[in-house]
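Here's the letter readout for the chains.
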Amino acid sequence: MHQMIGTVEALWRYPVKSLLGEPCPSLHVESRGVAGDRLYAVRDQEGKFGSGKNTRRFRKIDGLFDFRSLYRDDAPIIVFPDGTEQDALHPETARALSQYLQQPVTVAREAEIPHHDAAPVHIITSAGLDALRRAFPDTGIDERRFRPNLLLRVDGDEPIEHHWVGRQLKIGGVVLEITELAERCVMTTFAQADLPRVPSLLKHLADAYRMNFGVYAKVLQGGRLDLQNEVELL
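The present account deals with the structure reproduced in this document. This one's a predicted model, so the numbers in the text were calculated from it and none came from an experiment.

1. Focus on the overall build of the protein chain
Right, on to step 1. Along the protein chain, the regular secondary structure elements total 3 helices and 19 strands.
Right, on to step 2. Its C-alpha radius of gyration of 17 Å places the protein chain within 12% of the 17 Å reference for a compact globule of 234 residues.
Right, on to step 3. Taken over 234 residues, the protein chain has a buried fraction of 53%.
Right, on to step 4. Across the protein chain, contacts joining residues at least 24 apart in sequence account for 70% of those joining residues at least 6 apart.
Right, on to step 5. Carbon and sulfur atoms form 47% of the exposed surface of the protein chain, whose accessible area is close to 11,000 Å².
Right, on to step 6. Averaged over its 29 positive side-chain charges, the protein chain has a centre that lies 4 Å from the centre of its 33 negative ones.

2. Here's the deal with the pattern of salt bridges
Right, on to step 1. Tallying each qualifying case throughout the model produces 14 salt bridges.
Right, on to step 2. The partner of E9 in a salt bridge is R153, with the nearest N and O atoms 2.7 Å apart. Residue E9 is found in strand β1 (residues 3-13), and its partner R153 is found in strand β14 (residues 150-154); the two are separated by 144 residues along the sequence.
Right, on to step 3. In this structure R153 comes out as partly exposed when scored by relative accessible area, which is 37%.
Right, on to step 4. Between R72 and E85 there is a salt bridge whose closest N-O contact spans 2.7 Å. Here the residue R72 occupies a position in strand β9 (residues 68-72), and E85 occupies one in strand β11 (residues 85-87), the gap between them amounting to 13 residues.
Right, on to step 5. Judged by relative accessible area, R72 falls into the partly exposed class, the value being 43%.
Right, on to step 6. It is possible to trace a salt-bridge network through shared partners that takes in D44, E46 and R59.

3. So, helix α1 (residues 91-101)
Right, on to step 1. All of the buried residues along α1 are T93, A94, A96, L97, S98 and L101.
Right, on to step 2. Structurally, α1 contributes buried residues whose contacts are with β6 (40-44), β10 (75-79), β11 and β12 (105-109).

4. A look at helix α2 (residues 126-135)
Right, on to step 1. Those residues of α2 that sit buried are S126, A127, G128, L129, A131 and L132.
Right, on to step 2. Buried positions along α2 lie against β1, β13 (121-125), β14, α3 (201-209) and β17 (212-221).

5. Remarks on the sheet that holds β11
Right, on to step 1. On the basis of which strands lie adjacent, the open sheet formed by 3 strands has the order β9-β10-β11 and antiparallel pairing. Of all strands in the sheet, those bounded by a partner on one side alone are β9 and β11. With strand direction ignored, the average angle separating the axes of adjacent strands in the sheet is 35°.
Right, on to step 2. When β10 meets β11, the two strands line up antiparallel, connected through 3 bridges. Across the sheet, V79 pairs through a bridge with E85, a residue of β11.
Right, on to step 3. With respect to the sheet, α1 is in contact with β10 and β11, its orientation differing from that of β11 by roughly 125°.

What counts, and at which threshold
Residues numbered from 1 in each chain as written. Predicted model: local features only at pLDDT ≥ 70, side-chain atom pairs only at ≥ 80, totals over all residues. Heavy atoms only, no water. Helix = DSSP H or I, 4+ residues; strand = E, 2+ residues; numbered from the N terminus. Rg over C-alpha atoms; globule rule 2.2 N^0.38 Å. Buried < 20%, exposed > 50% of the residue type's maximum accessible area, 1.4 Å probe, protein only. Contact = heavy atoms within 4.5 Å. Areas by Shrake-Rupley, 256 points an atom, 1.4 Å probe, with all protein chains shown as cover. Lys, Arg positive; Asp, Glu negative; His and termini not counted. Charge placed at Lys NZ, Arg CZ, Asp CG, Glu CD. Salt bridge = Lys/Arg side-chain N within 4 Å of Asp/Glu carboxyl O. Pairing = 2+ DSSP bridges. Axes fitted to C-alpha atoms, helices over the stretch in contact; angles between N-to-C directions.

Pasting the structure below:
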């Protein structure tokens, strides 16, 4: 059964993993995921990639959310807290980052293993965000806390996407298969830009959704995504 469920409300890309990203009017999707998404990462002197958590591959590095990343003519740019823009791959940028983060770091392009946490594409819905806004009415809650590639405008008052695991979405000419729920970490609670720190958010996600919010997807058919594309649940 095919069901028209909503539209694309926002599209995001994060050129450098764990830095703030850029909203986009359109994105190109390929088997790896969104073109250019998390293609670069801050790497410490032990070869681990900067993140909001510690794992076998990632290391928690405080201060990454003070920076924003974007592309200019396909070149990755890092925007420093003072608004200065620097070429992400220039040696001077690595020196400035190291000084700010108080440890030696470089910016590395992805090699054989993708920088994604779990899957190529990350999706949340307006219905899920509305549920959180009811729980935290006086706190800034928007998609930036969850760093999705797609925010979908759908009817409902809960994270309806949690029921889509195993289903497919057709958006324009793109077909995505929802593979798993997105397990959240402490990064969702961090302050960023004009959003305040919300330390109680993670406990709420644990109590209400077993620490999950949003879904991950793999790409079955690539192509272009645009704002206001209709979304069909297959």
